[in-house]
Every structure is written in structure tokens, then in C-alpha cells.
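Survey of secondary and tertiary structure
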Amino acid sequence: MTVKWQTEFLNDTVEAEFLSLPPDMQARMLRITELIEQFGLENLGMPYLRHVQGKLWEMRAKGRSGISRALYVTVAGKRIVILRVFIKKTPQTPAHEIAMALNRIKEIDNG
């Protein structure tokens, strides 16, 4: 049996960021995680997922309320760890959001 991808929040702060999204954006993000579990991360790309830099990737959700992103990394055991969730207001992913996610990578216990 193949191991399915699992998605988790880095910590309670990131989960709170997710829960602060409007309900339609939350639903779209959850749908992307379901697609990852169903088809595998390696088989999903744009418009759902996009490489940002280094190990950092983003889940891309668009809803009636606007555009949101979840920045994540993958770790051993087919785990996706969401590092930062935010509503996107500019064409580019803001540098400070990327910096915050890269800083949070340090908190991951890969052991």
C-alpha cells in the first residue's frame, strides 16, 4: 500500500491564520489538500501549487473573498507542513511573507 500525503500546520499560530480566512477560502484550501491526498503532491501543479524558492512552495486558493496562500515545505514521511497562511493583496507574494515562512522552517522537528 502506498503512503498518502498528510498535511499539518506547523503550530497553533499557523492554524489560527488558516481559521481567520473567510469560509470560502478555507474550503478551497481544504479542497487542495484533498486533491494532494487523492492524486499525490507530485501529480498536482498549477493552478493549485507553485514553487516559491528553495524548499518553499505555495498552495494557491482563489474565492469570492479574494486570494489566499499557504506557504509550505515537505518533510520526511510524505508530510506537508504549512508554515504561513495569509490573504494575498499584491500580484507577487510579499517578501516579508516568504521571509516569515523561511524563518518558521527552523521550528520543524524532522526527527
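Here, residues in each chain are numbered from 1, in the same order as that chain's written sequence. Two thresholds apply to this predicted model, a pLDDT of at least 70 for residue-level local features and 80 or more for giving and counting side-chain atom pairs, whereas whole-chain, interface and lining totals are computed over all residues. Note: side-chain values were computed over all heavy atoms of the structure, leaving out hydrogens and water.

1. Remarks on the pattern of salt bridges
Put simply, a salt bridge is a Lys or Arg side-chain nitrogen that is within 4 Å of an Asp or Glu carboxyl oxygen. This model, assessed by the stated rule, comprises 8 salt bridges. Among the salt bridges present, the one from Arg50 reaches Glu58, with a minimum N-O distance of 2.9 Å. Judged by its relative accessible area of 30%, Arg50 is partly exposed. A 1.4 Å probe rolled over the protein chains alone gives each residue an accessible area, and that area as a share of the maximum for its type sets the label: buried under 20%, exposed over 50%, partly exposed in between. The class of Glu58 is buried, set by a relative accessible area of 0%. The closest approach of N and O atoms between Glu58 and Arg69, which form a salt bridge, is 3.5 Å. With Glu58 in strand 3 (residues 56-63) and Arg69 in strand 4 (residues 66-75), this pair connects stretches of sequence that are 11 residues apart. Considered together, Glu58 and Arg69 belong to a single accessibility category, that of buried residues. In this structure, a network of salt bridges that share partners links the residues Glu17, Arg84, Glu97 and Arg104. The helix and strand labels rest on DSSP assignments: H or I over at least four residues marks a helix, E over at least two residues marks a strand, and numbering proceeds from the N terminus.

2. Some words on unusual backbone geometry
Backbone torsion omega between Met46 and Pro47 reads 5°, so that peptide bond is classified as cis. Along the polypeptide, Pro47 turns up in the loop between helix 2 (23-39) and strand 2 (49-53). In this model, Lys78 sits at a positive phi of 55°, which is unusual for a non-glycine residue. In this fold, Lys78 is placed in the loop between strand 4 and strand 5 (79-88).

3. Considerations on the sheet that holds strand 1 (residues 6-9)
The pairing criterion for strands is at least two bridges between them, as found by DSSP. Strand order in this open sheet of 5 strands is 1-5-4-3-2, and the pairing throughout is mixed. The open sheet has two edge strands with one neighbour each: strand 1 and strand 2. Taking each pair of neighbouring strands and ignoring which way they run, the sheet shows an average axis angle of 35°. Contact definition: two residues touch when any of their heavy atoms are within 4.5 Å. Throughout, an axis means a line fitted to C-alpha atoms (over the contacting stretch in the case of helices), and angles, computed between N-to-C directions, take values from 0 to 180 degrees. Strand contacts of helix 2: strand 1, strand 2, strand 3, strand 4 and strand 5, with the helix running at about 130° to strand 3, the strand carrying the most contacts.

4. Topic: the environment of Arg28
Assignment of secondary structure puts Arg28 in helix 2. Residue Arg28 is classed as partly exposed on the basis of its relative accessible area, which comes to 41%. Remark: the alpha-carbon pair of Arg28 and Phe39, spanning 11 residues in sequence, is separated by 16 Å. Beyond its immediate chain neighbours, meaning those up to four positions away, Arg28 contacts Ala61, Lys62 and Gly63.

5. Here's the deal with the side chain of Lys88
Turning to its location among the elements, Lys88 is positioned in strand 5. In summary, the charge assignment counts Lys and Arg as positive and Asp and Glu as negative, without counting His or the chain termini. Here Lys88 is buried and forms no salt bridge, its nearest opposite-charge partner Glu58 lying at an N-O distance of 5.5 Å. Not counting chain neighbours up to four residues away, the residues in contact with Lys88 comprise Ile67, Ser68, Arg69 and Thr93.

Purely geometric numbers; function is a separate question.
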